[in-house]
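Report on the structure
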Amino acid sequence: EKVQDLWEDLMSRATMFSGLRLSLGLASSSTCPASRAGQLLVKLGTVNLPHAFVSRTLASCAAQSSGGASGGRRPPDDTEVGLPTLEHLASACRAHGGERSVICREGLALWAGLWALAQERHYEMELMGKLYTLFDTSGDGWLQYSEFAQLFEAVIPGVTKAETEDLFLCGAEDTTGDMTREVFLETITRLGISADVDSLEDLIANKRASMYGERVDSGL
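Thresholds, definitions, all that
Residues numbered from 1 in each chain as written. Predicted model: local features only at pLDDT ≥ 70, side-chain atom pairs only at ≥ 80, totals over all residues. Heavy atoms only, no water. Helix = DSSP H or I, 4+ residues; strand = E, 2+ residues; numbered from the N terminus. Buried < 20%, exposed > 50% of the residue type's maximum accessible area, 1.4 Å probe, protein only. Contact = heavy atoms within 4.5 Å. Areas by Shrake-Rupley, 256 points an atom, 1.4 Å probe, with all protein chains shown as cover. Phe/Tyr/Trp six-rings, centres within 6.5 Å; stacked < 30°, edge-to-face > 60°. Lys NZ or Arg CZ within 6 Å of the ring centre and 35° of its normal. Lys, Arg positive; Asp, Glu negative; His and termini not counted. Salt bridge = Lys/Arg side-chain N within 4 Å of Asp/Glu carboxyl O. Core = buried A, V, L, I, M, F, W, Y, C linked by side-chain atoms within 4.5 Å. Expected span 1.5 Å × (residues − 1).

1. A few points about the overall build of the protein
A tally of helices and strands in the protein yields 10 helices and 4 strands. Listed N to C, the secondary structure of the protein is α-α-β-α-α-β-α-α-β-α-α-β-α-α in terms of helices and strands. Taking all 220 residues of the protein together, the buried fraction comes to 35%. Contacts in the protein between residues at least 24 apart in sequence constitute 56% of all its contacts with a sequence separation of at least 6. In the form shown here, the protein has an accessible surface area of approximately 13,600 Å², with 55% of it arising from carbon and sulfur atoms.

Right, dumping it as structure tokens:
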């Protein structure tokens, strides 16, 4: 049985850790903590999910297979799982269609991809807005051409002066010759201008470092 072989592999890899728990009277020779079992299942490539999720699932299954109530479940670190836990999960998987039940239909995958792209674009625009504020060195709430040019040269290395001038004229106010934050973001959206999110985060962090003397790598 594949489940039996898998469990024996898990136990052999958890021997050192389980030995310590055995000496302390915290476990039996046929169990290991749900947290450890989850980590090993992920490490072995048996389950391609975050180990915390796998550990919680094992702990929940152990509680159900032992007849425990859901309110009495203990954390994965405090829950011992054994071969019956894996067998219970395997039986549940077979009962719900086996391997065919753990698939994602193409239509759902496409929608998930579109949603992810939309979220990334939304975040990219947030970063662009922060860059607008950082490059508005005059602090008047408008981007003059010199500030705009510096921003775009940083965001799009290699952009020519002529291209920068054309981009600025696409959004600059006729009366002032400057560009507001709203018009800046609208111009980027309308022209489909995009940049790598990681690069924008680094640019913001470096700009803040040059302005305020400290680097901010998170909480942009």
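And the narrative resumes.
2. A closer look at the packing of aromatic side chains
The final tally for this structure, using the stated rule, is 6 aromatic pairs. Between Phe 148 and Phe 184, the aromatic rings sit 6.4 Å apart at their centres with planes inclined by 85°, giving edge-to-face as the arrangement. With Phe 148 in helix α7 (residues 145–155) and Phe 184 in helix α9 (residues 181–191), this pair connects stretches of sequence that are 36 residues apart. Both residues of the pair, Phe 148 and Phe 184, count as buried. Between the NZ or CZ atom of Lys 207 and the centre of the ring of Phe 135, over which it lies, the distance is 4.4 Å.

3. A closer look at the side chain of Glu 147
With respect to the helices and strands, the residue Glu 147 is situated in helix α7. Although Glu 147 is buried, it forms no salt bridge, and the closest oppositely charged side chain is Lys 207 at an N-O distance of 9.2 Å. Apart from residues no more than four positions distant in its own chain, Glu 147 is found in contact with Phe 135, Asp 136, Thr 137, Ser 138 and Trp 142.

4. Looking at the nonpolar core
Met 128, Leu 131, Phe 148, Leu 151, Phe 152, Val 155 and Phe 184 are the most contacted members of the largest nonpolar core, which totals 26 residues. At the level of secondary structure, the elements contributing two or more residues to this core comprise α6 (106–135), α7, α8 (161–171), α9 and α10 (197–212). At 7 residues, α6 tops the list of elements feeding residues into this core. Filtering out sequence-adjacent residues up to four positions away, Leu 131 remains in contact with Leu 151, Val 155, Leu 200, Leu 203 and Ile 204.

5. What to know about the pattern of salt bridges
One pass over the full model with this rule turns up 1 salt bridge. The partner of Arg 121 in a salt bridge is Glu 124, and the shortest N-O contact between them spans 3.0 Å. Here the residue Arg 121 and the residue Glu 124 both occupy positions in helix α6, the gap between them amounting to 3 residues, near one helical turn.

6. A closer look at α6
Between its first and last C-alpha, α6 extends 43 Å over 30 residues, near the 44 Å set by a 1.5 Å rise per residue. The set of residues buried in α6 consists of Glu 124, Met 125, Leu 127, Met 128, Gly 129, Leu 131, Tyr 132, Leu 134 and Phe 135. Those residues of α6 that are buried are in contact with β3 (142–143), α7, β4 (179–180), α9 and α10.

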